[in-house]
Amino acid sequence: MDSIGVLMPIHMNSYLEQELQKRFNVFKLWTFPNKTLFLKEHSSSIRAIVGNAAAGADAETIEALPNLEIVSSFSVGIDKVDLNKCREKGIRVTNTPDVLTDDVADLAIGLILAVLRRLCEGDRYVRSGKWKKGDYKLNTKFTGKRVGIIGMGRIGKAVAKRAEAFSCPISYYTRSEKGDLEYKYYPSVVELASNCDILVVACPLIEETRHIINREVIDALGQKGVLINIGRGPHVDEPELVKALVEGRLGGAGLDVYENEPEVPEELFGLENVVLLPHVGSGTVETRTAMADLVINNLEAHFLKKPLLTPVV
Ligand code: 8YV
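Each chain has its residues counted from 1, running along the sequence as written. With the structure being a predicted model, the display of local features is reserved for residues of pLDDT at least 70 and the display and counting of side-chain atom pairs for 80 or more, all residues being used for whole-chain, interface and lining totals. The side-chain figures draw on all heavy atoms in the structure; neither hydrogens nor water molecules are used.

The subject of this paragraph is the pairing of strand S11 (residues 252–255). Any residue under 20% of the maximum accessible area for its type is buried, any over 50% is exposed, and the rest in between are partly exposed; the area is computed with a 1.4 Å probe on protein chains only. Here a strand is any run of E in DSSP of at least two residues, a helix any run of H or I of at least four, and the numbering for each starts at the N terminus. A two-sided burial pattern is seen for S11, the buried positions comprising Gly252 and Gly254 on one face and Ala253 and Leu255 on the other. After leaving strand S10 (residues 226–229), the chain enters helix H10 (residues 238–246) and then returns to the sheet as S11, a path that is right-handed. Any two strands between which DSSP finds at least two bridges are classified as paired. Bridging between S11 and strand S12 (residues 274–276) involves three bridges; their strand directions are parallel. Bridging from a neighbouring strand, Ala253 pairs with Val274 of S12. Clockwise travel from the first strand over the helix to the second, with the strands pointing away from the viewer, marks a crossover as right-handed.

See below:
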């Protein structure tokens, strides 16, 4: 398979790169200074793209690669892949579900605890020596709080399971009610937000879920409510979120994702009720290794004409 051209648009993981290079002819786009020239010279050799949550395969790239057969994404979310264009051209698409579910759900709980129990602020308090000079203020209990979840796929369910262990009543919003779940269903995000203390975004990013967290939802969550986003930045109307936090209309936020990563609104930096992470939901050695193996296994299956392990298209 070492003559098969595989395009990586950006650097994502050293293990993935090494393992791909052992098997394929890998083109690392970021090492070519001129993208147009690169495409002119190499476009016909490329039969696969390995992208991720930051850079996938848009219509323009797909059109520029006449021999593209498969996009194997190093992510579960495939919002950066033009699925319609892939369908139209008969290009297969795979992602990395399941292997990252636990880590992302763990991180959602971590963010909830970090925001409510002020873990980062407490750490800064100790390190700065302020503990010696004063009393640390009280924070907010997590156990028993009402947790609302947007999206009840693998990750949403895993967050619910963990929150249940904290005795939290769970409710959720999805497009239609899931018959097999005992959690309370709300047919609108505003209703869900009005009836929970912590709102977790865990749905895929598609046109209908863009800005699913808007001003109305934020106001429904209210002064004591906490927003946790482990989905995608564009799920949230970020300027509205920033305004609500700065004006004290929202209780707090734990964010792993942002609208224009790696740009993060600086107004958030000074707020103690906000915890900011650099999109690391799946970012453990174990999980990123499992994701890389899945990407490679999908590519190998494709080129050996075997069934794909985790097909999307
Ligand atoms: C990663 C993700 O950030 O799986 C997803 O959808 O957002 C993450 O796991 C990423 O693609 C790893 O580079």
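Now, onward.
Our next topic: the UniProt feature "domain: D-isomer specific 2-hydroxyacid dehydrogenase NAD-binding" (unreviewed entry) in the protein. UniProt records the feature "domain: D-isomer specific 2-hydroxyacid dehydrogenase NAD-binding" (unreviewed entry) for residues 109–281 in the present numbering. Between the end C-alpha atoms of residues 109–281 the distance is 11 Å, and the span holds 29% helix and 14% strand. UniProt positions are given in the numbering used here, feature names are shortened, and annotations may be inferred rather than shown by experiment.

Following the UniProt record, the feature "domain: D-isomer specific 2-hydroxyacid dehydrogenase catalytic" (unreviewed entry) maps to residues 17–312 here. For residues 17–312, the helix share is 36%, the strand share is 13%, and the end-to-end C-alpha distance is 22 Å.

The sheet built from seven strands is open, its strands ordered S8-S7-S6-S9-S10-S11-S12 with parallel pairing. The sheet terminates laterally at strand S8 (184–185) and S12, the two strands that pair on one side only. Looking at chain direction, strand S6 (residues 147–150) and strand S7 (residues 170–173) are connected through four bridges and run parallel. The residue bridging Gly148 from the neighbouring strand is Ser171, located in S7.

This part is about the site of the ligand. We call a residue near a molecule or strand whenever a single non-hydrogen atom of that residue lies within 4 Å of it. With respect to spatial proximity, the complete set of residues near the ligand consists of Asn52, Ala53, Phe74, Ser75, Val76, Gly77, Leu100, Arg232, His279, Ser282, Arg288 and Met291. One of the backbone nitrogen or oxygen atoms of Ala53 is found 3.1 Å away from an oxygen atom of the ligand. Between Val76 and the ligand, the recorded distance is 2.7 Å, taken from a backbone N or O atom to an oxygen atom. Surface accessibility follows the Shrake-Rupley procedure with a 1.4 Å probe radius. Residue values consider only the protein chains on display as shielding. Protein contacts shield 91% of the accessible area of the ligand, which totals 340 Å² for the unbound molecule. N or O atoms within 3.5 Å of each other form a polar contact, as long as, within protein, one can give a hydrogen and the other can take it, and as long as residues adjacent in sequence are counted only when both atoms are side-chain atoms.

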